[in-house]
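Each chain, letter by letter, is given below.
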Amino acid sequence: MMTSQGRGMIGRSIDEIDTPALVVDLDAFERNLDLMARRFPAGGQPVLRPHAKPHKSPAIAAMQVARGAIGVCCQTVDEAQVMVDGGIGDVLLTNVTVSPAKLSRLAALARRARVELCVDNPLHIELAERAAAAADGVLHARVEINVGGNRCGVQPGGEAVPLAQAILAAHHLRFTGLQAYSGNAQHEHDHAQRVARCQGIARDVAATRAALAAAGIDVQVVGGAGTGTWDIDADLGTYTEIQAGSYLFMDGYYLRNRGADGRADDRFAASLFVLGTVVSSARRGHAVIDVGTKTIGTDRGLPQVADRDDLTVTRISDEHIVLEVRGAALRLGERVRLVAGNCEPTVNLHNHFVGVRGGRVESAWPILRAGVRVLPL
Ligand SMILES: Cc1ncc(COP(=O)(O)O)c(C=O)c1O
């Protein structure tokens, strides 16, 4: 999907992109997209249900679905709305909610798509049932278990049983299974430690499945995993649904993960960059670019400069980054590409992905946050 506003940039040289801009290297992006799709083709097991929160773009979600993904995950009802409005037919809210307003929006979406949500308390079930009944529709629901993330979710084992029974007893809800995601496992940089975390999750899931089976409850779906553990989890057979999302773009935090051989795991490459321009080089050994905390996320450390060993980000403020320059001085107007520590909050600060290939702008996908108007590019 491309907006009419975006078309003005298509075909132009990348030198004409005004900065700061969120740029996608389309060759690297497509390699990432295809690599994950090859491992989880349509009709295989487990299936891929990528998380859409790193991109918030139905255009990108459609590429994932076209390559075999069963649907997408969303973390907010706004994201779910955007995906269903953009034509995605199967959406899981990997979250719990106690908001009647949000639940009635989800129930309305469920008239146009298959919509599922997570629960970890009888009140979630009661409110979801009420919203689905008012819309005269059906919501799918899974019980979230805490597999180490220590956020939402009941403890693994028997605590899931009464919740599953309550979903099964609700007229407008359909029980599917378990949500068992742990963010902690994803960013365990050492491979052996990541494997150990995944094995712990596998045990937690098995114990919960056993408790449900003992109560005569069939678990069809177990969802979880991410960019750090997709392959380990798939080999362990823990999940029926793999929910990786950041693999499309990668980021500084994920790029620190090591493979089994102890070397950098470079199967997925950085494809997302914030493009900046040198606006000042007044201080010897330094340069200032027009990127700051309002255009690149810093929750996981300072950004890294791509392709340049002679440049290091030393400071960041609202609209500026100060670079230490160890090689030749940078020219005013020179471009610098930055890799964010965390791709997700970075995407959230922009209105478009500017897709580039061979030095030209090839696409301009809007980043849709419901309620935020996307301005012309
Ligand atoms: C519920 C859930 N599933 C999956 C993921 C994995 O996403 P990623 O591959 O982007 O780390 C996340 C990330 O936060 C998540 O919250």
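**Regarding the side chain of D233**
Item 1. If you trace the backbone, D233 turns up in helix α9 (residues 230-236).
Item 2. Salt bridges are absent for the buried D233, whose nearest opposite-charge side chain, R194, sits at 8.6 Å.
Item 3. Aside from chain neighbours lying at most four places away, what touches D233 is C198, A225, T238, Y239 and I242.

**Points about the site of the ligand**
Item 1. Around the ligand, the structure places 17 residues, and the nearest of them are K53, T227, G245, S246 and Y254.
Item 2. At a separation of 3.2 Å, an oxygen atom of the ligand approaches a polar side-chain atom of Q75.
Item 3. A distance of 2.6 Å separates an oxygen atom of the ligand from a polar side-chain atom of T227.

**Considerations on the sheet that holds strand β7 (residues 173-179)**
The strands that make up a sheet pair up through hydrogen bonds in the backbone, lying either parallel or antiparallel.
Item 1. Taken in spatial order, the eight strands make up an open sheet running β2-β9-β8-β7-β6-β5-β4-β3, and their pairing is parallel. Edge positions in the sheet fall to β2 (47-48) and β3 (72-74), since each of these pairs with one other strand and no more.
Item 2. Running over the sheet, helix α4 (residues 100-109) touches β4 (90-93), β5 (114-119) and β6 (139-144) and is turned about 150 degrees from β5.

**Here's the deal with the nonpolar core**
Item 1. Counting residues in each nonpolar core, the largest one holds 95 residues, and the members touching the most others are F29, L106, L139, V143, F249 and F353.
Item 2. Setting aside residues up to four positions removed in sequence, F29 forms contacts with V24, I60, M63, L248, F249, S271 and W365.
Item 3. One finds I17, L275, V356 and V361 within the second-largest nonpolar core, a separate group that totals eight residues.

**Some remarks on the environment of L255**
Item 1. Structurally, L255 is set in the loop between β9 (241-242) and β10 (272-280).
Item 2. Along the primary structure L255 and H189 are separated by 66 residues, whereas in three dimensions their C-alpha atoms are 8.9 Å apart.
Item 3. Ignoring sequence-local partners within four residues, the contact set of L255 consists of M250, F268, A270 and V339.

**Examining the pairing of strand β1 (residues 21-25)**
Item 1. Within β1, four of the five residues are buried, which leaves it mostly tucked inside the rest of the structure.
Item 2. The pairing of β1 with β10 spans four bridges and is antiparallel. Note on β10: the bridge partner recorded for V24 is L272.
Item 3. Strand direction decides the pairing type here: β1 and strand β16 (residues 352-357), joined by three bridges, are parallel. Note on β16: the bridge partner recorded for V24 is G355.

**As for the pairing of strand β15 (residues 335-339)**
Item 1. Across four bridges, the pairing between β10 and β15 is antiparallel. Its bridge partner being in β15, G276 is matched across the sheet by V336.
Item 2. In terms of strand pairing, strand β12 (residues 304-305) meets β15 through two bridges, oriented antiparallel. Counted as the bridge partner of Q304 is V339 from β15.

Cut-offs and rules
- Along each chain, the written sequence defines residue order, and numbers are assigned to residues from 1.
- Only residues with pLDDT of at least 70 get local features here, since the model is predicted, and only at 80 or more are side-chain atom pairs given and counted; chain-wide, interface and lining totals rely on the full set of residues.
- Only hydrogens and water are removed before side-chain values are computed, so all heavy atoms of the structure are retained for them.
- Each helix is a run of H or I in the DSSP string that is no shorter than four residues. Each strand is a run of E no shorter than two, and both are numbered from the N terminus.
- Think of it in three bands: residues with accessible area under 20% of the maximum for their type are buried, residues over 50% are exposed, and the middle band is partly exposed, with areas taken using a 1.4 Å probe on protein chains only.
- Positive charge is attributed to Lys and Arg, negative charge to Asp and Glu, and no charge count is given to His or to the chain ends.
- We define a salt bridge as a side-chain nitrogen of Lys or Arg found within 4 Å of a carboxyl oxygen belonging to Asp or Glu.
- By definition, residues are in contact when any of their heavy atoms lie within 4.5 Å.
- Only a single heavy atom is needed: when it lies within 4 Å of a molecule or strand, its residue is near that molecule or strand.
- For the purposes of these results, a polar contact is taken to be a pair of N or O atoms within 3.5 Å, where, inside protein, one atom must be able to donate a hydrogen and its partner to accept one; residues adjacent in sequence count only when each atom of the pair is a side-chain atom.
- At least two DSSP bridges between two strands are required for those strands to pair.
- Axis definition: a line fit to C-alpha positions, over the contact stretch in the case of helices; interaxial angles, taken between N-to-C directions, run 0 to 180 degrees.
- To define a nonpolar core, start from buried Ala, Val, Leu, Ile, Met, Phe, Trp, Tyr and Cys residues and group those joined through side-chain atoms within 4.5 Å.

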